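Now for the letters of each chain:
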Amino acid sequence: MTDTPTSAPRGAGSFCIPQAALNALLDNNATAYEICTYLVLARFTDHSGRFSTANISAVNRYTGANKTKGGPVDKAIERLKTIRAKDRGPILYGREAWLKETGEIPPDGPVERSKVLNVLPEFDGQDEGVWFGNALVDGYGKFERPLKALKNAGDVAAKLLLSMYAANDMETWGGVRPIGSNSGPWKHYEPVAN
């Protein structure tokens, strides 16, 4: 059995993680390995954003992590299964744990490579998701493995990246809303027309 994503990345796109999962990662002081691992698993979910075909080898490939069994990625996946969103449950389930917990059989594809290995649950009452471009995982141009750079930058950089994505407001600010945006050189502009 292989635990790689079912298809090679093609072009632009995006994926979403629940705000509750992002908050849980930050509240539980997730490490750079844990954050990068969660992002890779989320990148390779199906259209529902829950069922991921990615596992250890995909995380190793996109982060340049240690490929040994029992290494940092194994540990990151196991820790992610213990991180709980406030009053909501774990942010990651393995295939068998999901089946046991919910009775729901993951929707596998037609080949072994498309077997669902991890489940990133949705959280009731959480309307918003946090969107990420696929290029954060896949790379872009000469920047082939952004998550390797993020992992190597350390825990604080990984948490900062999550916090910035959570605060992203493209429509109003064209990106992350500046701190103290009511003062300083920043100006908020209202649209003139639709």
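The preceding data block contains the structure.
**Quick look at the side chain of K151**
Step number 1: Looking at the element boundaries, K151 is found in helix α7 (residues 146-153).
Step number 2: No salt bridge is formed by the buried K151. Its closest oppositely charged neighbour is D155, at 11 Å.
Step number 3: Among the polar contacts made by the side chain of K151, one reaches the side chain of N152 at a distance of 3.2 Å.

**A closer look at the pattern of salt bridges**
Step number 1: Tallying each qualifying case throughout the model produces seven salt bridges.
Step number 2: In this structure, D27 and K86 form a salt bridge, with 3.7 Å as the shortest nitrogen-oxygen distance. A residue pair is termed long-range when its members are at least 10 positions apart, and D27 in helix α1 (residues 19-27) and K86 in the loop between β3 (84-85) and β4 (89-90) qualify at 59 residues.
Step number 3: For K86, a relative accessible area of 62% puts it in the exposed group.
Step number 4: Residue D108 pairs with R95 through a salt bridge whose shortest N-O separation is 2.7 Å. Of the two residues, D108 is situated in the loop between α5 (95-102) and β6 (118-119) and R95 in helix α5; the sequence distance between them amounts to 13 residues.
Step number 5: Take D108: its relative accessible area is 34%, and that puts it in the partly exposed class.

**Considering unusual backbone geometry**
Step number 1: One non-glycine residue, N29, lies in the positive phi region at around 50°.
Step number 2: Summarising the element assignment, N29 is placed in the loop between α1 and α2 (32-43).
Step number 3: Residue N29 is classed as exposed on the basis of its relative accessible area of 52%.
Step number 4: Even without glycine at this site, D87 takes up a positive phi of about 55°.
Step number 5: By secondary structure assignment, the location of D87 is in the loop between β3 and β4.
Step number 6: On the accessibility criterion, D87 (85% relative accessible area) is exposed.

**Concerning helix α3 (residues 56-63)**
Step number 1: For α3, the complete set of buried residues consists of A58, V59, N60, Y62 and T63.
Step number 2: As for α3, its buried residues are in contact with α2, α4 (72-80), α6 (135-138) and α7.
Step number 3: Residue G64 follows α3 closely and has a positive phi angle near 65°.

**A few points about the layout of surface pockets**
Step number 1: Taken as a whole, the largest pocket encloses approximately 310 Å³ of empty space.
Step number 2: Elements represented by at least two residues in the lining of the largest pocket include exactly β1 (14-18), α2 and β7 (129-133).
Step number 3: At five residues, the largest contribution of residues to the lining of the largest pocket is made by β1.
Step number 4: Split into classes, the residues belonging to the lining of the largest pocket amount to nine nonpolar, eight polar and six charged.

About the thresholds
Throughout, a residue's number is its position along its own chain's written sequence, starting from 1. Under the rules for a predicted model, residues below a pLDDT of 70 receive no local features and side-chain atom pairs below 80 are neither given nor counted, while totals for whole chains, interfaces and linings still include all residues. Where side-chain values are given, they derive from all heavy atoms of the structure, hydrogens and water being excluded. Only DSSP runs of H or I covering at least 4 residues are called helices, and only runs of E covering at least 2 are called strands; the numbering of each starts at the N terminus. Under the scheme applied here, a residue whose accessible area is under 20% of the maximum for its type counts as buried, over 50% as exposed, and between as partly exposed, the area being computed with a 1.4 Å probe on protein chains only. For the charge count, each Lys or Arg is scored as positive and each Asp or Glu as negative, with His and the chain ends excluded. Any carboxyl oxygen of Asp or Glu that lies within 4 Å of a side-chain nitrogen of Lys or Arg is treated as forming a salt bridge with it. Polar contact is the term for a pair of N or O atoms within 3.5 Å; when the atoms are in protein, one must be able to donate a hydrogen and the other to accept it, and sequence-neighboring residues count only if both atoms are side-chain atoms. Any two residues having at least one pair of non-hydrogen atoms within 4.5 Å are treated as being in contact. Buriedness for pockets is judged along seven lines, at least five of which must meet protein on both sides within 12 Å for an open set on the 1 Å grid over protein atoms alone, while cavities are sets there where a 1.4 Å probe fits but cannot get out, and lining residues have an atom within 4 Å of a point. Grid points are joined across faces, edges and corners, and a volume is the space filled by probe spheres set on the points. Residues are grouped as follows: nonpolar covers Ala, Val, Leu, Ile, Met, Phe, Trp, Tyr, Cys and Pro; charged covers Asp, Glu, Lys and Arg; every other residue, Gly included, is treated as polar.

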